[in-house]
Amino acid sequence: MTNAPFNSLAQLPDPDPEETDEWAASLDAVTRVAGADRAAYLMRRTYEHARATGLAVPSPLETDYINTIPTPAEPELPGDAALEQRITNWNRWNAAAMVTRGSRFELGGHIATFASAAWLYDIGFNHFFRGKEGGESGDQLYIQGHATPGVYARAFLDGRLTEAQLDRFRQEAGGNGLPSYPHPRRLPWMWEFPTVSMGLGALAAIKQARFNRYLQHRNIKDTAASHVWAFLGDGEMDEPESAAALELAGRDKLDNLTFVINCNLQRLDGPVRGNHKIVQELEAKFRAAGWNVVKSLWGSAWDELIALDTNGAFVRRLREVPDGQFQTYATRDAAYIREHFFTADPGLEQIARRLSDEQITACFHNSRAGHEPRKVYAAYHAAAEHQGAPTVILVQTIKGWTLGPGFESRNANHQMKKLTGAEFRAMRDLLELPIPDSALHDDLVPYAHPGADSPEVRYLQERRAALGGPAPTRRVHPVVLPEPSAKPFEALAKGSGRQEIATTTALVRLLKDLMREKETGRRWVPIVPDEARTFGMESLFPSAGMYSPHGQSYEPVDRDMLLYYKEAQDGQILNEGITEAGCMASFTAAATSYATHGEPMIPVYMFYAMFGWQRTADQMWALADQLGRGFLVGATAGRTTMTGEGLQHADGHSHLIASTNPAAISYDPAFAYEIGVIVKEGLRRMYGPDAENVFYYLTVYNEPKVQPAMPTAPGVEEGIVKGLYRFRAADTAGLPVDAPRMQLLASGTAIHWALQAQKLLAESWGVGADLWSATSWSELRRDGLAYDAARLRGEETPLPHVTRVLRGAPGPVLAISDWMRSVPDQISHWVPQDWSSIGTDGFGLSDTREAARRHFGVDPHSIVVAALAALANSGEIKQATVDQARQLYWS
């Protein structure tokens, strides 16, 4: 017996070495007499027997390149198979017709993906996907974006869409158009989940399944009957987000989740793994992550070939041939396949001699499990019945199936947007549709429908009724959350007295108080990407607990401390680990629960500001598309507040990125009371009687400061919400009547530097400066844009808020922030005075806060120099004064 140089079992004591040697000798004998394939077969059968009897043996990561479920073990397909075939044929035709008709406007569209996946969807719609009738949550369907035409075609057959709507595919500007892909914001009664930013759908589906369990365990909604189905392409699994949470799904045993990966072996352009095998790679990846794997690869025509494989040569050859070559087999004649596949082994040649050319081409050209409804049903049934782990179905298809030889298995078929008349006639004949030649003479191919009272339509509607109504569908049940009590906000409005606290701390205290509210406290969903203690959130641990479906099976090392690490099955906090992408996916699931489950939840996701919009802005666009609501919090914000952390932690631009998202309501509050006003307004806008589909982005800082009480002057709350109010007027006592005047606008932590500069300007330079708190540069900009648009339309409209409140204010305006200048510069167009700004453009760096602010030129002395320069530019002081200040402060 030959041992490997490093054998992990060798370190374990063997109570009976003689018996072990006998087993090894038996295996060696089988290998010598019957061959390696027979020996491997016996090992696998022994392994399967051991697993079946409950022995705890590790799972192999890869199985043979054949179906997991053999044909004799497949359950019978329920329902009327003939009617289901005709329904799928109508859907195939109308999907192709819709995209082809739209191509005359050069709008594009995708045909080949749905053509390969038609049965993957129709079997689900006919037998598995639960609807939302009766207030149920139903199933959550993450439809592969490029298969959208087929879903529209089915909705047309069902009477949910009209011909006129199909003809407005990708024509949305005039209203009543159909979006190119699943877009809830564009078609909110139908689509629940946007999926075309590839990879995000997979991650979102996992977090949605986990959030369903979260609602169940916290007794908020019974989601036991809800199942999450995510349809993905084999090429899509290359995206890092696609595999970002596979281990979480396996670890949390999410058997309410099924991935259906359409393995047609093609990316959008070319093979997925031309030199390798994507199915085997994915199987190993998912098995390693703890998933149940169902391989559904070959159609029933392959059964005879596999049955003839008495020595394992055929199955071994299937495992050897790379995907790129299989794509070639699908387009070549039997002679080519005989030469290149069956001559590799004498055993294969024997099998080939027993097969006709027709049998060979039937297998290699056409027979894939994804094109046989019974095999698809068997895979789905196995997934639905499996308990204790999520399931991935790796199903093989041919991209462009039924569209003719010009489409099928062609590398370019993703870019092919239309069929010719001849191709439509061939497709009509293949699908046996009653469409006369006379209807195909015109260049504009017709839609086809069997009639609203046809057996096909009645059957389709009966199946959906039995499963709980139409799908996909999105429904919003109006649930208005009561306003929280005034007490939590009053605490912030009072200020911190002499105590210095960071605005991050103030927000966490507010959150803790709001989570105690009787009516709405349980609806808050705090989300953190591991560093909860950095943000001061450890105070929530003992009372709220961190959600774990397994509870806490260990005694935490800090159990004797007041703020110990507590995990619980009904825990409220989602502590996601170091995964901003995973946090955003969880945030989205919670932020859209008001529609998905009819249960409004209030997620608040707190993260390092630098690692939010910069890293996961794509998901924030998907959040906006999905009409999500909640609070994103960029903590440790700004370019200069993260002492010592340096470039990669120094965020000076997230507000600029956030301003590009139409659904993001962004604020940079300076004081605790501003946070209270903003959060209260956010709750009203997102969860009140006139709820809006927006989400809030707040930046908070880790720099402890005394938090003042809220000013009592009229208009302060309105100014905070609109984005600007005067925080402190200039102290003109002792200044000449004709003393220079100016306006300082500051946001976030920069207001503290501006306060010092305001005092220096008055005491050392005889300048009176009013100080304004700019809580939201982006909201001021939106207000200005709305004003401009209304005026362009010839409408009378009030002046923008920033113009109105600054109108008549003396002197130039200087904007100061811990952000790059582009952030405040967004509003310069609507400021009536001379405008200038200073900020933190460039890369961050490690140093003290004071040194970093001097480096960027935003410290109090630099503000004074910039203010004097603005006054000199306006002709209100002499340039010599500016030079004097530079010499004094910068030399």
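A. Structural view of unusual backbone geometry. In the segment running from A471 into P472, the intervening peptide bond is cis, with an omega of -5°. Considering the arrangement of structural elements, one finds P472 in the loop between α18 (455–466) and α19 (487–493). Of note, the phi angle at N176 is positive, near 65°, even though the residue is not glycine. Examined against the element boundaries, N176 turns out to sit in the loop between α6 (163–166) and α7 (200–217).

B. Summary view of the packing of helix α22 (residues 580–591) against helix α24 (residues 613–625). Where α22 meets α24, the closest approach of the two axes is 9 Å, and the angle between their N-to-C directions is 15°. The pairing of α22 with α24 is recorded here as roughly parallel in orientation. As α22 packs across α24, the resulting crossing turns out to be right-handed. Side by side, α22 and α24 meet where E580, A581, M584, A585, F587, T588 and A591 of the first sit next to R615, T616, Q619, M620 and L623 of the second.

C. Quick look at a negative patch on the surface. A grouping of D14, D16, E18, E19, D21 and E22 is seen on the molecular surface, where their side chains present a negatively charged patch. You can see E22 is positioned in helix α1 (residues 17–34).

D. Inspection of the nonpolar core at higher detail. Formed by 85 residues in total, the largest nonpolar core has its most connected members in W524, F631, V679, I816 and L868. In contact with W524, not counting residues within four places along its chain, are Y214, R218, L511, L514, M515, Q572, I602, V604, F631, V679 and L683.

E. Local environment of the pairing of strand β13 (residues 664–667). Of the two faces of β13, the one carrying A664 and S666 and the one carrying I665 and Y667 are both buried. Relative to strand β14 (residues 695–699), β13 is paired through four bridges, and the arrangement is parallel. Residue pairing in the sheet places S666 in a bridge with Y697 of β14. With respect to chirality, the unit in which β13 leads through helix α26 (residues 672–687) into the neighbouring parallel β14 is right-handed.

F. Up close: the confidence of the model for the protein chain. Overall, the prediction assigns the protein chain a mean pLDDT of 93, with 97% of residues at 70 or greater. For residues 1–5, every residue scores under 50 in pLDDT, and the model assigns this stretch three contacts once sequence neighbours within four places are set aside.

G. Highlighting the sheet that holds strand β4 (residues 292–296). Overall, parallel pairing links the five strands, which are arranged β1-β2-β3-β5-β4 in an open sheet. The open sheet is flanked by β1 (140–142) and β4, the only strands paired with a single partner. For this sheet the average axis-to-axis angle between neighbouring strands, irrespective of direction, equals 15°. As paired strands, strand β2 (residues 228–233) and strand β3 (residues 257–263) are joined by six bridges and run parallel to one another. Within β3, the position partnered with A230 by the bridge is F259. Here helix α4 (residues 112–127) sits on the sheet in contact with β1, β2, β3 and β5 (391–396), set at roughly 155° to β3. Where helix α9 (residues 278–288) meets the sheet, its contacts fall on β3, β4 and β5, and the angle it forms with β4 comes to roughly 160°.

H. Inspection of the sheet that holds strand β19 (residues 813–816) at higher detail. Pairing is mixed in the open sheet, where five strands are placed in the order β16-β18-β17-β19-β20. Two strands in the sheet have a free side with no partner beyond their single neighbour: β16 (725–728) and β20 (835–838). If you compare each strand with its neighbour and ignore which way they point, the axes differ by 30° on average. In this structure, strand β17 (residues 741–746) lies alongside strand β18 (residues 768–773), joined through six bridges in parallel fashion. Bridging from a neighbouring strand, R741 pairs with G768 of β18.

I. Structural detail: the packing of aromatic side chains. Inspection of every chain in the model, using the stated rule, returns 49 aromatic pairs. Both rings, one in F129 and one in F231, keep their centres 5.8 Å apart while their planes meet at 80°; by these two values the pair is edge-to-face. Here F231 lies in strand β2 and F129 lies in the loop between α4 and β1, a separation of 102 residues in the sequence. Take F129 and F231: they sit in the same class, and that class is buried. Where W298 meets F326, the ring centres are 5.6 Å apart and the plane angle is 40°; that geometry is what we call tilted. A residue pair is termed long-range when its members are at least 10 positions apart, and W298 in the loop between β4 and α10 (302–307) and F326 in helix α12 (residues 323–329) qualify at 28 residues. One residue, R615, lies across the ring of F611, its end atom 4.9 Å from the ring centre. Its end group placed over the ring of F489, K680 keeps NZ or CZ at 5.9 Å from the ring centre.

The rules behind each value
Residues numbered from 1 in each chain as written. Predicted model: local features only at pLDDT ≥ 70, side-chain atom pairs only at ≥ 80, totals over all residues. Heavy atoms only, no water. Helix = DSSP H or I, 4+ residues; strand = E, 2+ residues; numbered from the N terminus. Axes fitted to C-alpha atoms, helices over the stretch in contact; angles between N-to-C directions. Parallel < 35°, antiparallel > 145°, perpendicular 65-115°, else oblique. Left-handed = near helix turned anticlockwise from the far one by under 90°. Contact = heavy atoms within 4.5 Å. Patch = residues over 30% accessible without salt bridge, like charges linked within 9 Å, V, L, I, M, F, W, Y side chains within 5 Å. Areas by Shrake-Rupley, 256 points an atom, 1.4 Å probe, with all protein chains shown as cover. Salt bridge = Lys/Arg side-chain N within 4 Å of Asp/Glu carboxyl O. Lys, Arg positive; Asp, Glu negative; His and termini not counted. Charge placed at Lys NZ, Arg CZ, Asp CG, Glu CD. Core = buried A, V, L, I, M, F, W, Y, C linked by side-chain atoms within 4.5 Å. Buried < 20%, exposed > 50% of the residue type's maximum accessible area, 1.4 Å probe, protein only. Pairing = 2+ DSSP bridges. Right-handed = clockwise from strand over helix to strand, strands pointing away. pLDDT = per-residue confidence, 0-100. Phe/Tyr/Trp six-rings, centres within 6.5 Å; stacked < 30°, edge-to-face > 60°. Lys NZ or Arg CZ within 6 Å of the ring centre and 35° of its normal.

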